[in-house]
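# Structural features, examined
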Amino acid sequence: MPKSNLRYFFAGILSFALWGFFSIPLRNLQAYPSEEILYYRIFTSLVFIWIAILMFRRKYLKADLEYFSSIGAKAKRNILYQLVGSTLLLTSNWYTYIYAVNNVSLQSAAFAYMVCPLITAFGGYLILKESLSRLKLISLGIALLSILLLATGSLVEVIWSVVIATLYAFYLIIQRKMQHLDKLNVLAVQIGIAVLLMLPLFLMKHEGIPQDIWFWGNISVIAVFFTLIPLFLSLYALIGIPSSTLGIIIYSNPIIAFAVAIFYFGEEVDVHKLFAYSLLLISVIVFNWRIIKDIFTFKRKP
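Small disclaimer: the values here were computed from a predicted structure and weren't measured. (Residues numbered from 1 in each chain as written. Predicted model: local features only at pLDDT ≥ 70, side-chain atom pairs only at ≥ 80, totals over all residues. Heavy atoms only, no water.)

Here we take up the overall build of the chain. Broken down by element type, the chain carries 14 helices and zero strands. Listed N to C, the secondary structure of the chain is α-α-α-α-α-α-α-α-α-α-α-α-α-α in terms of helices and strands. For the chain, whose C-alpha radius of gyration is 20 Å, the value lies close to the compact-globule estimate of 19 Å for 302 residues. Seen through its principal axes, the chain has C-alpha atoms that stretch 50 × 50 × 35 Å. Buried positions account for 48% of the 302 residues belonging to the chain. For the chain, restricting intrachain contacts to residue pairs at least 6 apart in sequence, the fraction spanning at least 24 positions comes to 88%. Accessible surface, the chain: about 16000 Å² in total, of which carbon and sulfur atoms supply 69%. Placing the 24 positive and 13 negative side-chain charges of the chain at their respective mean positions leaves the two points 18 Å apart. (Helix = DSSP H or I, 4+ residues; strand = E, 2+ residues; numbered from the N terminus. Rg over C-alpha atoms; globule rule 2.2 N^0.38 Å. Buried < 20%, exposed > 50% of the residue type's maximum accessible area, 1.4 Å probe, protein only. Contact = heavy atoms within 4.5 Å. Areas by Shrake-Rupley, 256 points an atom, 1.4 Å probe, with all protein chains shown as cover. Lys, Arg positive; Asp, Glu negative; His and termini not counted. Charge placed at Lys NZ, Arg CZ, Asp CG, Glu CD.)

Before going further, it helps to examine the pattern of salt bridges. If charged atoms from side chains of opposite charge come close, those side chains can pair. Going through the model one piece at a time under the given rule, you end up with two salt bridges. A salt bridge links Arg27 to Glu267; its shortest N-O distance comes to 3.7 Å. Placement of the pair is Arg27 in helix 2 (residues 23-28) and Glu267 in the loop between helix 12 (252-264) and helix 13 (271-287), with a sequence separation of 240 residues. A salt bridge links Asp182 to Arg57; the shortest N-O distance between them is 2.6 Å. Linking Asp182 in the loop between helix 8 (155-177) and helix 9 (183-204) with Arg57 in the loop between helix 3 (34-56) and helix 4 (58-70), this pair joins segments that are 125 residues apart in sequence. For the pair shown, Asp182 and Arg57 are each scored as buried. (Salt bridge = Lys/Arg side-chain N within 4 Å of Asp/Glu carboxyl O.)

This part covers helix 1 (residues 6-20). Given a rise of 1.5 Å per residue, 15 residues ought to cover 21 Å, and the 21 Å separating the end C-alpha atoms of helix 1 matches this to within 8%. When helix 1 is considered as a whole, its buried residues turn out to be Tyr8, Phe9, Ala11, Gly12, Ser15, Phe16, Ala17, Trp19 and Gly20. (Expected span 1.5 Å × (residues − 1).)

All right, on to the confidence of the model for the chain then. Residue-level pLDDT values for the chain average 82, and 91% of them are 70 or greater. Least confident of the elements in the chain is helix 11 (residues 243-249), whose mean pLDDT is 62; most confident is helix 4, at 93. (pLDDT = per-residue confidence, 0-100.)

Counting residues in hydrophobic clusters, the biggest one holds 79 residues, and the most contacted among them are Leu26, Ile42, Ile49, Tyr97 and Leu118. Ranked by residues supplied to this core, first place goes to helix 6 (residues 106-127) with 12 residues. Filtering out sequence-adjacent residues up to four positions away, Leu26 remains in contact with Ile37, Tyr97, Ile98, Val101, Asn102 and Ile222. (Core = buried A, V, L, I, M, F, W, Y, C linked by side-chain atoms within 4.5 Å.)

The structure is reproduced here in structure tokens:
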């Protein structure tokens, strides 16, 4: 890999590495209901993301507003449908992930992001008619076997993992279709829509704003260090490395998440789970074999 691209490569690694430690602040808030954590994550993220856009990315916001005003009514409707649909998927993904970390197991949440790129690829194959090679289809078969093996041990964990992964996978598929808009601006609008959707539920169950500084400290850490900064880094990484390379780097997230679950929180992994996880790792390697070869094969020009 050229030295000029190394900073983008390390930015991508750092973004997903940060997400790998996400379970720590979430577990710090385990005493709070999952929906309450979700509400305040969304509200706080909305404030921080619009501050960042208005301070540092106004030209991208202006460009997107000009683009939106220049397109026809049908194209505008499609964008609005995509924004609402992707917001529902993203908000549901955030809620199920928070719930799984604090009420099911950390491993179920980590497993979700191990299988997520594979589900994304399969969804792209079915919905976007993207091609899949025979090698990739074999890898998806191995991943399915891994999921079935895990289901024989803990069906509840597997269901949560697949639901989390599927929600995020289809969110990514919709994101692929929104090619002409800045991703950070799109996220800011999605969080704004999420606030509008969550606000009635929040007001119905509102019992007062938490006064605990520990709660607000962790919520702020989640909003800044586990929502906005990783996103900035992943967007920066895409400037200098292809999305296929970033698709490999994403696997640093579940690897770190598994390590945190086992070594920091002391969750146990039996032989049955270890074999199933190993199968999934093989599936990931097979699925991304050509990209892995491109990353680690240094070809010198004559």
